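Commentary on secondary and tertiary structure
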Amino acid sequence: MQKDVILITGITGFVGQNLRAYLLPKSYKTIGISRFNNEKIINYQNLNLSIWNEAKVMIHLAGKAHDLKKTSEDNEYFEVNTELTKKLFDQFLESNCEVFIYMSSVKAVADLVDNILTEEVTPNPITAYGKSKLAAENYILSKQIPENKRVYILRPCMIHGPNNKGNLNLLYSFVAKSIPYPFGKYENKRSYVSAENLCFIINELLENKSIASGVYNIADDTSISTNELVSIIGKSISKPSKILNIPKFIIKLLAKVGDIIPIPVNSERLQKLTENYEVSNMKIKKAIQKNLPLTAEKGIEKTIASF
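All figures in this text were calculated on a predicted structure; none of them were measured in a lab. (Residues numbered from 1 in each chain as written. Predicted model: local features only at pLDDT ≥ 70, side-chain atom pairs only at ≥ 80, totals over all residues. Heavy atoms only, no water.)

What to know about a positive patch on the surface
What counts, and what does not: Each patch is built from residues that are more than 30% exposed by relative accessible area and take part in no salt bridge. Like charges join if they lie within 9 Å; nonpolar side chains (Val, Leu, Ile, Met, Phe, Trp, Tyr) join within 5 Å. Residue-level accessible areas treat just the shown protein chains as cover; the underlying method is Shrake-Rupley with a 1.4 Å probe. By convention in these notes, a salt bridge is any Lys or Arg side-chain nitrogen within 4 Å of a carboxyl oxygen on Asp or Glu. All tallies of charge rest on Lys and Arg as positive and Asp and Glu as negative; His and the ends of each chain are not included. Taken as the charge location is NZ of Lys, CZ of Arg, CG of Asp or CD of Glu. Put simply, DSSP marks the helices as runs of H or I at least four residues long and the strands as runs of E at least two long, and each gets a number from the N terminus on. Buried, partly exposed and exposed residues are distinguished by accessible area as a fraction of the type maximum, computed with a 1.4 Å probe on protein chains only: under 20%, between the cut-offs, and over 50%, respectively.
A surface patch of like charges, here positive, comprises K185, K248, K252 and K256. Within the secondary structure, K256 is located in helix α8 (residues 248-258). Looking at K256, the relative accessible area reads 56%, which means it is exposed.

Some remarks on helix α5 (residues 167-176)
Put simply, the rule reads: By construction, the arc corresponds to the directions joining the helix axis to the C-beta atoms. Here a residue-residue contact requires only that any non-hydrogen atoms of the pair lie within 4.5 Å.
Buried within α5 we find N167, L168, L170, L171, F174 and V175. Buried residues of α5, viewed axially, fall in a sector of 160°; they line one side. For α5, the elements touching its buried residues are β8 (158-160), α7 (226-236), α9 (267-274) and α11 (296-306). Positive backbone phi, at 60°, marks S178, one or two positions downstream of α5.

Some remarks on the pairing of strand β10 (residues 214-218)
For clarity, the threshold we go by: The rule for pairing is simple: two strands pair if DSSP sees at least two bridges between them.
When you tally the buried positions in β10, you get five out of five residues, the bulk of the element. Neither face of β10 is left uncovered, since the one carrying G214, Y216 and I218 and the one carrying V215 and N217 both have all their residues buried. Inspection of the sheet shows strand β7 (residues 150-156) paired to β10 by five bridges, in the parallel sense. Each bridged residue has a counterpart across the sheet, and for Y152 the counterpart in β10 is G214.

Considerations on helix α6 (residues 195-207)
To keep things clear, this is the line we draw: Every helix has an expected span of 1.5 Å times one less than the residues it contains.
With 13 residues, α6 extends 18 Å between its outermost C-alpha atoms, agreeing within 8% with the 18 Å of an ideal straight helix rising 1.5 Å per residue. Along α6, the positions that sit buried rather than exposed are A195, N197, L198, C199, F200, I201, I202, N203, E204, L205 and L206.

Focus on the pattern of salt bridges
Applying the stated criterion across every chain yields a total of 12 salt bridges. When the shortest N-O distance is used, the salt bridge between E76 and K64 registers 3.8 Å. With E76 in helix α3 (residues 74-94) and K64 in the loop between β4 (57-60) and α3, this pair connects stretches of sequence that are 12 residues apart. Assessed through its relative accessible area of 30%, E76 is described here as partly exposed. Notably, a salt bridge pairs K235 with E301, separated by 3.6 Å at the nearest N-O pair. Placement of K235 in helix α7 and of E301 in helix α11 is noted, with a sequence separation of 66 residues between them. A single salt-bridge network, built from bridges that share partners, covers K235, E297, K298 and E301.

Some thoughts on the packing of α7 against α11
Formally: Every axis corresponds to a line fitted to the C-alpha atoms, with the helix fit spanning only the stretch in contact, and the corresponding angles, defined between N-to-C directions, vary from 0 to 180 degrees. For this classification, under 35 degrees means roughly parallel, over 145 means roughly antiparallel, 65 to 115 means roughly perpendicular, and everything else is oblique. Take the far helix as your reference; a near helix turned counterclockwise from it by less than a right angle gives a left-handed crossing, and one turned clockwise gives a right-handed crossing. Classes in brief: Ala, Val, Leu, Ile, Met, Phe, Trp, Tyr, Cys and Pro nonpolar; Asp, Glu, Lys and Arg charged; the others, Gly included, polar.
Between α7 and α11, whose axes approach to 9 Å, the crossing angle comes to 55°. Classified by the angle between their axes, α7 and α11 sit oblique to one another. Considering only the axes of α7 and α11, their crossing is right-handed. Taking contact as the criterion, the partners of L229, I232, I233, K235 and S236 in α7 are, on α11, E297, I300, E301 and I304. In the contact of α7 with α11, the residues fall into five nonpolar, one polar and three charged.

Digging into the packing of α5 against α7
Interaxial distance between α5 and α7 falls to 9 Å at its minimum, and their mutual angle equals 55°. Between α5 and α7, the angle falls in the class oblique. Like other packed secondary-structure pairs, α5 and α7 cross with a definite hand, here right-handed. Of α7, the residues touching α5 (which contributes L168, L171, Y172 and V175) are T226, L229, V230, I233 and G234. Broken down by class, the residue content of the contact of α5 with α7 amounts to seven nonpolar, two polar and no charged.

Considerations on the nonpolar core
Where a protein is soluble and globular, its nonpolar side chains tend to be buried together. The following threshold applies: Working definition of a nonpolar core: buried Ala, Val, Leu, Ile, Met, Phe, Trp, Tyr and Cys residues. They are joined through side-chain atoms within 4.5 Å.
Residues I59, I101, L154 and I202 are the most contacted members of the largest nonpolar core, which totals 41 residues. Elements with a contribution of two residues or more to this core: β1 (4-9), α1 (14-23), β4, β5 (99-103), β7, α6, β10 and α10 (282-288). Apart from the residues lying within four places of it in its own chain, the contact partners of L154 are I101, Y102, M103, S104, S105, I202, L205, Y216 and I218. Ranked by size, the runner-up nonpolar core spans 24 residues in total, among them I33, F100, Y139 and V215.

Quick look at the sheet that holds β7
Spatial ordering of the open sheet is given by β3-β2-β1-β4-β5-β7-β10, a layout of seven strands whose pairing is parallel. Both outer strands of the open sheet, β3 (41-43) and β10, are each paired with one neighbouring strand and no more. With direction set aside, neighbouring strand axes in the sheet form an average angle of 25°. Here five bridges tie β5 to β7, and the two strands are oriented parallel to one another. Each bridged residue has a counterpart across the sheet, and for I101 the counterpart in β7 is Y152.

With respect to the packing of aromatic side chains
Note the cut-off: In summary, the pairing rule links any two rings of Phe, Tyr or Trp, Trp by its six-membered ring, whose centres are within 6.5 Å, and it sorts them by plane angle into stacked for under 30 degrees, edge-to-face for over 60 and tilted for everything else. Consider the ring centre and the ring normal. A charge sits over the ring if Lys NZ or Arg CZ is within 6 Å of that centre and within 35 degrees of that normal.
Using the criterion set out here, one finds 10 aromatic pairs in the structure. Note on F92 and F100: the rings are 5.3 Å apart at their centroids and 50° apart in plane angle, and the pair reads as tilted. Of the two residues, F92 and F100, both sit in the buried class. Site record: aromatic cluster; members linked through ring pairs are W52, F89, F92 and F100. The lysine or arginine in question, K248, covers the ring of Y186, its NZ or CZ lying 4.8 Å from the ring centre. One Lys or Arg, K283, reaches over the ring of Y216 and ends 4.8 Å from the middle of that ring.

And the structure:
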């Protein structure tokens, strides 16, 4: 039996690598799409209609990630996250390809969350990254979708898994080196999603034709405080986690110093580690009508094991 062809942009990235590995044993043939020439990867410039017509699914993961160092120009985000998405989506509509999955972000809706983020919240992104993702979403939603096609916009919260980079690595290094975590005074709740749960959801969208097109938040079932996260990491690597309750005014002073000289703590990193950012996954859970394979804690443990 001939395998269904899936075109994947960003296949060499963090999510792309995890998704390719997840889909490998299933009845799909994945083809990577890249801005760069590579033996096994088709260049965007060579993505003609015949390739689109061969494929059943396009999963658009490629994008310019949020630049924490703030060295990127705003137009770079719109060129990659918005204009490329518009070009690919136009090609999808013209082709015989049946399913288009766009990887957006919760940051297309809100940079700060007071309650729990649902799909009903009116988007109000602050950063160029969030605005460029929302612009791509709006373009997709402005088009009439043919009856024989399905289109999904996914808004994941912070994704973690094998080959993960980011604040989870920082926390891991704290615990692994027996460095006390200094932000114990901050009580917060954050949503995460494991790469495995994300890949599971994408696979369900591919296999279940009854799932309606639309916008879906992607998150694990429960949120976790950063203090809990440090404890889970300690348990995972069999090292006692040390959490200090340093007064917040001292922490904020250190963060301001970190904005000037390179130390592990700065204002943006402090916010990322200690802010509340809870995301509801009720809509996607209702759509797939299945439980996610990993609990939030088990997903963190598997990611830490991969380190």
